[in-house]
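Structural characterization, general
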Amino acid sequence: QLQLVESGGGLVQPGGSLRLSCAASGSIFSINVMGWYRQAPGKQRELVATMASGGRSNYLDSVKGRFTISRDNAKNTVFLQMSSLKPEDTAVYYCNAVLQRMGFPYEYEYWGQGTQVTVSS
């Protein structure tokens, strides 16, 4: 059973920091892209940051310079360091991975269950 397990969400004051983690497990052959999306109430899910296996990253314009994505490929884990948080960053953050499982010929996209990030004073 493949799982993406997130941790690190919570309540933080404006200007504060949080670090999200997501570990993928379950007969994984290779992981292409790992990243983070978010969905605020009443809004569509949006890409926050992604990182390919070779290290190339992509960010939502509004988080550039404040958020940093990183990966530990040996542990199939992706991190999102969030700094200078703003109330508009409040959302459920979802881990995402495009990966190939052992015994499967193609890559598929998987999602975590989501972790709440609330930025409020």
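Structural data are supplied above this passage.
This section reports on the structure supplied with the text. In this text, all values refer to a predicted model and were calculated from it rather than measured experimentally. (Residues numbered from 1 in each chain as written. Predicted model: local features only at pLDDT ≥ 70, side-chain atom pairs only at ≥ 80, totals over all residues. Heavy atoms only, no water.)

**Overview of unusual backbone geometry**
- The backbone of Ser-27 shows a phi angle near 45 degrees, a positive value even though the residue is not glycine.
- Tracing the sequence through the fold places Ser-27 in the loop between β3 (18-25) and β4 (28-39).
- Residue classification places Ser-27 among the partly exposed residues on the basis of a relative accessible area of 37%.
- Backbone geometry places Asn-76, a non-glycine residue, at a positive phi of 50 degrees.
- Judged by its relative accessible area of 23%, Asn-76 falls in the partly exposed class. (Helix = DSSP H or I, 4+ residues; strand = E, 2+ residues; numbered from the N terminus. Buried < 20%, exposed > 50% of the residue type's maximum accessible area, 1.4 Å probe, protein only.)

**A short note on the packing of aromatic side chains**
- Applying the stated criterion across every chain, the model contains two aromatic pairs.
- Ring centres of Tyr-37 and Trp-111 lie 5.0 Å apart, and the angle between their planes is 70 degrees; this geometry places the pair in the edge-to-face category. Here the residue Tyr-37 occupies a position in strand β4, and Trp-111 occupies one in strand β10 (residues 107-111), the gap between them amounting to 74 residues.
- Given the relative accessible area of 34%, Trp-111 is considered partly exposed.
- Considering the side-chain rings of Phe-104 and Tyr-108, the 6.5 Å spacing of their centres and the 85 degrees angle between planes classify their relative orientation as edge-to-face.
- By relative accessible area, which is 40% here, Tyr-108 ends up partly exposed.
- Directly above the aromatic system of Phe-79 lies the positively charged group of Arg-19, at a separation of 4.1 Å from the ring centroid.
- The ring of Trp-111 has Arg-45 sitting right over it, with the charged end atom 4.6 Å from the ring centre. (Phe/Tyr/Trp six-rings, centres within 6.5 Å; stacked < 30°, edge-to-face > 60°. Lys NZ or Arg CZ within 6 Å of the ring centre and 35° of its normal.)

**A word on the sheet that holds strand β1 (residues 3-7)**
- The strand order β1-β3-β8-β7 describes an open sheet built from four strands, whose pairing is antiparallel. Since the sheet does not close on itself, it has two edges, and those belong to β1 and β7 (67-72), each with one partner. Neighbour-to-neighbour, the strand axes of the sheet open up by a mean angle of 15 degrees, direction not taken into account.
- As judged from the five bridges shared by β1 and β3, these two strands associate in the antiparallel manner. (Pairing = 2+ DSSP bridges. Axes fitted to C-alpha atoms, helices over the stretch in contact; angles between N-to-C directions.)

**Observations concerning the nonpolar core**
- Ranked by internal contacts, the top residues of the largest apolar core, which has 31 residues, are Trp-36, Val-48, Phe-67, Ile-69, Leu-80, Met-82 and Tyr-93.
- Of all elements in the fold, only β3, β4, β5 (46-52), β7, β8 (77-82), β9 (91-101) and β11 (115-119) reach the threshold of two or more residues within this core.
- A per-element tally of this core places β9 first, with five residues. (Core = buried A, V, L, I, M, F, W, Y, C linked by side-chain atoms within 4.5 Å.)

**Brief notes about the state of the cysteines**
- As enumerated under the stated definition, the model contains one disulfide in all.
- Linked covalently through their sulfurs, Cys-22 and Cys-95 form a disulfide whose S-S length is 2.0 Å. Taking the torsion about the S-S bond as the criterion, the Cys-22 to Cys-95 disulfide, at about -80 degrees, is left-handed. Of this pair, Cys-22 sits in strand β3 while Cys-95 is found in strand β9, placing the two residues 73 residues apart along the sequence. We note that Cys-22, like Cys-95, is buried. (Disulfide = S-S within 2.5 Å.)

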